Structure formats: structure tokens, C-alpha cells
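# Results of the structural survey
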There are 2 protein chains.
Amino acid sequence: MEKGISQAVIRRMPRYYRYLGELLDGGVERISSNELSARMRVTASQIRQDLNNFGGFGQQGYGYNVKYLYDEIGKILGINQQHNIIVIGAGNLGQALANYMKFEKRGFVIIGLFDVDPALEGVTIRGIQVRMMDELQAFVKAQRVDIAALTIPKERADETANELVKLGIHAIWNFAHLDLELPEYVVVENVHLSDSLMQLSYNIANQRKFKEQKDKK
Amino acid sequence: MEKGISQAVIRRMPRYYRYLGELLDGGVERISSNELSARMRVTASQIRQDLNNFGGFGQQGYGYNVKYLYDEIGKILGINQQHNIIVIGAGNLGQALANYMKFEKRGFVIIGLFDVDPALEGVTIRGIQVRMMDELQAFVKAQRVDIAALTIPKERADETANELVKLGIHAIWNFAHLDLELPEYVVVENVHLSDSLMQLSYNIANQRKFKEQKDKK
């Protein structure tokens with residue numbers, strides 16, 4: 001059933017999950033697609049279409065059961081199980097990730113931090129010891145690692161990512177500023193902060209233009 | 001001419017810019033859309049279509065002048081001018097951003113760091129002093145601030161973002177894990193790390209399924 005669901009739909013699912021979580025926290029038990037639509041600023045038909053990709057969940061005219069929908073989307077997103085993460089690169093960004101406890105609430109647990117800089121050996125971030133890269137192989141053999149976060153300079157990223165894949169890690173959360181060249185079966189999620197800044201800068205440059213166009217209408 | 005260009009197109013432009021920069025660094029002066037396509041794993045027709053949104057830049061059968069195209073895309077993205085950034089929230093993520101020097105190469109310069117935690121007062125990150133939030137107004141009056149990066153907990157994010165807008169900052173780079181409620185003229189670029197992790201986790205769960213489908217073909 002989940003064959004051929006576009007990444008655009010998948011990209012919206014965490015947002016649904018987040019909003020439903022907030023509704024749950026607020027004690028809301030049931031919500032119509034129209035109310036959810038108003039809150040999320042997405043059309044009600046978009047919501048129905050997105051959820052229909054996974055088989056629906058709503059009854060016509062009766063709305064969605066918030067808890068049920070929340071749990072089901074959690075299952076779809078695979079966050080009903082724990083994911084063990086190692087962070088490769090214990091610089092500022094790697095340390096920021098290790099310090100960010102909220103990932104754990106969703107079952108994403110950082111179990112290791114690795115770096116090549118001997119000055120970082122033995123440093124501990126929120127109880128997680130920084131290990132040297134030559135300890136990586138033994139570590140991965142001893143523990144299940146589901147995801148490797150890459151927070152290293154782009155010059156070393158491709159080589160390191162391919163090493164990780166050889167060690168059996170098939171999911172990379174890539175913060176290095178390049179597109180990794182990896183076998184097709186490896187799942188990669190990119191966070192390109194510079195690209196994001198450039199998109200922001202484009203929108204700043206066009207903000208006035210858009211505003212002027214709007215005022216004309 | 002740039003009216004109505006979709007954010008999907010805009011999202012691809014930084015990637016073109018990045019690849020063209022690498023070609024330039026490698027001494028490549030001219031490239032056909034086919035070569036660029038093979039390198040970027042985007043169809044040649046997609047590249048032509050994307051660039052046609054801005055008026056083209058290529059001559060049929062003659063390819064693109066790399067330096068010219070790089071500069072033009074830079075202008076489109078608005079990175080031919082300096083953007084001054086302040087970071088609100090000098091925790092790990094805020095410090096990571098302040099330490100990340102590569103943004104400066106693109107003209108994104110972090111000129112201030114702010115926090116509410118008195119323990120951080122006077123701390124200096126790469127020469128940038130952490131200031132307390134009550135100094136923000138005077139700072140923004142004294143210096144041009146183009147972008148505010150929000151790296152604070154989501155509980156305070158909406159209120160803080162609205163304060164920033166009142167101070168005249170109309171572009172927010174939002175790392176807080178919620179969708180900000182701001183006037184329509186404010187430009188917001190979200191980096192939702194948890195959403196990104198959930199998308200990764202979905203793709204991990206479906207990785208095997210996709211692989212099986214592929215093997216059947």
C-alpha cells in the first residue's frame with residue numbers, strides 16, 4: 001500500500017505528528033479535518049489526500065480520533081521503535097546534537113560520539129564519551145547502530161560515509177555540505193544549513209517584490 | 001519575471017550554486033546541461049526549465065559559462081551582498097552556528113549572540129560576545145540586522161519572534177520546533193531537525209520494502 005508515496009507527502013507527515021502531539025497535550029480527543037486544516041494552514045483536502053496514502057483513518061463527518069491518528073502516524077514514521085545514533089564529528093554541531101535531549105522523546109538515542117581530534121579523546125557530552133575513529137569498528141560490532149549523523153567537514157565526508165556503510169550502517173543523517181555518493185540502498189537525509197540560508201536570502205531579496213505585487217491586486 | 005517562481009525551484013538553486021562553485025574550483029570554464037545533469041543527477045530538461053525561470057543563461061548546443069552562471073545564480077539568491085545575522089539563543093546550537101565560519105564565505109556574517117541566561121553573559125564565541133536579551137533593542141537600533149536565527153526552546157519562540165519583528169527584523173531562520181505565527185511579510189526559513197530525523201526514520205522503515213519492490217522488477 002505504501003508503494004510510491006512521494007517524499008513531499010512524507011515530508012509533511014512529521015508536521016502532522018507534531019500538531020497532533022500538541023492537540024493531545026491540550027486534551028483534544030477528536031478533530032475534524034477542517035479544524036486541523038485551519039490550525040495547520042493546509043487545505044482539508046490536502047490532509048485527507050495525504051492520509052489516504054496510508055489508508056485513511058477518518059470517518060466522513062466524524063473527524064479524526066487524535067490519539068489514534070497520532071499513534072498511527074508514529075508507526076508510519078517508524079518512531080514506535082528506538083533508533084540508535086552515532087555522531088561522527090564531535091565539534092560544535094556534533095556536540096549540539098548530543099546535547100539536544102528532545103530527540104530521545106521520539107526514540108532517537110545518541111549512543112556514541114566519534115572524532116579524529118586527540119584533544120577530544122575522553123571528553124564527555126551529556127554522559128556520552130567522545131571516542132576516536134579507530135574505535136569505531138569495534139563499537140559498531142558490539143552495539144546496534146541504526147543511524148550515523150555526519151557532522152564533519154565536506155572534504156572527509158564521502159570517504160567516511162562509505163566506511164560507515166561498509167560497517168553495515170545504512171542510514172546517514174548528513175550535515176556535511178555536499179551530496180554523498182553512496183550505494184542506492186543507503187538512506188540519506190540531508191541538512192544543508194548553507195542551502196537553507198541561501199533560500200532565506202532569496203526570499204528576503206524577493207520579499208519586497210512580492211509585497212508590491214500583492215499591494216497591486 | 002521572477003513572479004510566481006515556486007519554492008521547489010528556489011530550493012534547487014543553492015544546489016546548482018554549490019555544484020558550479022565546485023566546477024569553478026576545479027578549473028572548469030564551460031559545461032553542457034547534459035554534463036551538469038549527469039553530475040547533479042537531475043535531468044537536463046529540469047536544469048533548463050529551472051534556469052529558464054530566470055531567463056535562461058545558456059546557448060543551445062554551446063552549454064553554460066560556469067563563472068557567469070555561478071555569478072548570476074549568486075545574484076538571484078541575493079548572496080552578492082552581505083547579510084548580518086544575530087543568533088537568539090547561545091546554547092549549543094547557537095554556539096555551533098556562531099562557530100561555523102563557512103557561512104561568512106557566502107556573506108552571512110553573525111554579528112551578535114543573545115541569551116537570557118546570566119551565566120552566559122560576557123562569554124565570547126569566536127570573538128562574538130554573548131549579550132543579554134535586554135540589550136537587544138539598543139543593538140538592533142545601532143546596527144543593521146538582516147536575519148535573526150532562533151535557537152531557543154519552542155515555548156518562548158513565538159513571543160521572541162514577534163518581538164524581533166517589532167524591532168524591524170523581517171527574516172527569521174527558525175530552529176525552534178514549531179511553526180511560527182508571524183505577519184505575512186516576514187520571511188521564515190525553518191530547520192526542523194526532529195522532522196528531518198522522522199523523515200529519515202520513515203525511509204529506514206521502508207528501505208527494505210523499496211529494495212524488495214526493486215528486486216522484483
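See above for the structure.
Anyway, here's the lowdown on the structure attached to this text. (Residues numbered from 1 in each chain as written. Chains lettered and ligands numbered in written order. Predicted model: local features only at pLDDT ≥ 70, side-chain atom pairs only at ≥ 80, totals over all residues. Heavy atoms only, no water.)

## Quick word on the interface of chain B and chain A
Each partner contributes residues to the interface: chain B has 70 residues there, and chain A has 70 residues. Both sides together, the interface formed by chain B and chain A hides about 6100 Å², and carbon and sulfur atoms give 56% of it. A salt bridge links Asp195(A) to Arg18(B); its shortest N-O distance comes to 2.9 Å. Inspection of the region where chain B meets chain A yields 28 residue pairs in polar contact (both at pLDDT 80 or more). Of all the elements in the fold, those that place two or more residues in the side of chain B that touches chain A are helix H1 (7-25), strand E3 (83-88), helix H5 (92-99), helix H6 (102-105), helix H8 (154-166), strand E8 (171-174), strand E9 (187-190) and helix H9 (193-216) of chain B. When residues in the side of chain B that touches chain A are grouped by element, the largest group, 18 residues, is from H9(B). Residues that form the side of chain B that touches chain A fall into these classes: 33 nonpolar, 17 polar and 20 charged. (Contact = heavy atoms within 4.5 Å. Buried area = accessible area lost by both parts, 1.4 Å probe. Salt bridge = Lys/Arg side-chain N within 4 Å of Asp/Glu carboxyl O. Polar contact = N/O pair within 3.5 Å; in protein donor to acceptor, adjacent residues only side chain to side chain. Helix = DSSP H or I, 4+ residues; strand = E, 2+ residues; numbered from the N terminus. Nonpolar A, V, L, I, M, F, W, Y, C, P; charged D, E, K, R; others polar.)

## Looking at the relation of the copies chain B and chain A
Each copy superposes on the other: chain B lies on chain A with an RMSD of 0.0 Å after a rotation of 180° and an axial shift of 0.0 Å. One copy is carried onto the other by what is essentially a two-fold rotation axis. Taken together, the interface assignments show that 100% of the residues at the interface of chain B recur at the interface of chain A, consistent with an identical surface on both copies. (Least-squares fit on C-alpha atoms with pLDDT ≥ 70 in both.)

## Details of empty space enclosed by the protein
Leftover empty space is mapped by rolling, across the atoms, a probe with the size of a water molecule. Considering all chains together, one arrives at one cavity of 30 Å³ or more under this definition. One number sums up the size of the largest cavity: a volume of about 40 Å³. Each residue belonging to the lining of the largest cavity can be placed in one class, and the counts come to five nonpolar, one polar and two charged. (1 Å grid on protein atoms, 1.4 Å probe; cavity = no way out; pocket = protein on both sides within 12 Å on 5 of 7 lines; lining within 4 Å. Points joined across faces, edges and corners; volume = space filled by probe spheres on them.)

## With respect to the sheet that holds E3(B)
All names here are of chain B. Overall, mixed pairing links the seven strands, which are arranged E5-E6-E4-E3-E7-E8-E9 in an open sheet. Each of the sheet's edge strands pairs with one partner strand only, and the pair in question is strand E5 (124-125) and E9. Of the strand pairs in this sheet, E3 and strand E4 (residues 108-115) are connected by six bridges, and their pairing is parallel. Directly across from His-83, in E4, lies its bridge partner Phe-108. Here H5 sits on the sheet in contact with E3, E4, E5, strand E6 (128-132), strand E7 (147-150) and E8, set at roughly 155° to E4. Each of E3, E7 and E8 is contacted by H8, which is oriented at about 170° to E7, the strand it contacts most. (Pairing = 2+ DSSP bridges. Axes fitted to C-alpha atoms, helices over the stretch in contact; angles between N-to-C directions.)

## What about the environment of Trp173(A)?
Position of Trp173(A) among the secondary structure elements: in strand E8 (residues 171-174). What Trp173(A) contacts, discounting residues up to four positions off in sequence, is Leu97(A), Phe103(A), Ile147(A), Ala148(A), Ala149(A), Leu150(A), Glu189(A), Val191(A), Leu193(B), Ser196(B), Leu197(B) and Leu200(B). Side chain to side chain, Trp173(A) and Ser196(B) meet in a polar contact 2.8 Å long.

## Describing the pattern of salt bridges
For the coordinates displayed, the defined rule picks out 18 salt bridges over all chains. Glu181(B) is the partner of Arg41(A) in a salt bridge, and the nearest nitrogen-oxygen pair spans 2.8 Å. With one member in each of two chains, Arg41(A) in the loop between helix H2 (33-40) and helix H3 (44-52) and Glu181(B) in the loop between E8 and E9 form a pair that bridges those chains. Judged by its relative accessible area of 61%, Arg41(A) falls in the exposed class. (Buried < 20%, exposed > 50% of the residue type's maximum accessible area, 1.4 Å probe, protein only.)

## Comments concerning the packing of aromatic side chains
Scanning the entire structure with this criterion turns up 10 aromatic pairs over all chains. Plain terms: the ring middles of Phe114(B) and Phe139(B) are 5.2 Å apart, the flat faces sit at 80° to each other, and that makes the pair edge-to-face. Placement of the pair is Phe114(B) in strand E4 and Phe139(B) in helix H7 (residues 136-142), with a sequence separation of 25 residues. Its relative accessible area of 0% is what places Phe114(B) among the buried residues. An aromatic cluster is built from Tyr100(A), Phe103(A), Trp173(A) and Phe175(A), whose rings are joined through pairwise contacts. (Phe/Tyr/Trp six-rings, centres within 6.5 Å; stacked < 30°, edge-to-face > 60°.)

## Considerations on the sheet that holds E8(A)
All names here are of chain A. Reading across from one edge, E5-E6-E4-E3-E7-E8-E9 is the order of the seven strands in this open sheet, with mixed pairing throughout. Every other strand in the sheet has two partners, leaving strand E5 (124-125) and strand E9 (187-190) as the edge strands with one partner each. Sheet topology places strand E7 (residues 147-150) next to E8; three bridges connect them, and they run parallel. Within E8, the residue paired with Ala-148 across the bridge is Ile-172. Sheet strands in contact with helix H5 (residues 92-99) are strand E3 (83-88), strand E4 (108-115), E5, strand E6 (128-132), E7 and E8, and its direction is about 155° off that of E4. Sheet strands touched by helix H8 (residues 154-166): E3, E7 and E8. Its angle to E7, the strand with the most contacts, is close to 170°.

## Remarks on the pairing of E6(A)
Residue and element names in this part refer to chain A. A large share of E6 lies buried, amounting to four of its five residues. Note: E4 against E6, three bridges, orientation parallel. From the neighbouring strand, Phe-114 faces E6, where its bridge partner is Arg-131.

## Notes on helix H2 (residues 33-40) of chain B
Residues and elements named next belong to chain B. Taken as a whole, H2 has its buried residues at Ser-33, Leu-36, Ser-37 and Met-40. Looking down the long axis of H2, one finds its buried residues gathered within 105° of arc, a one-sided arrangement. For H2, the exposed residues set more than 90 degrees away from the buried face come down to Asn-34 and Ala-38. On its buried face, H2 sits against H1, strand E1 (30-31), helix H3 (44-52) and strand E2 (64-65). Two residues or fewer after H2 comes Arg-41, characterised by a positive phi angle close to 55°. (Arc of directions from axis to C-beta.)

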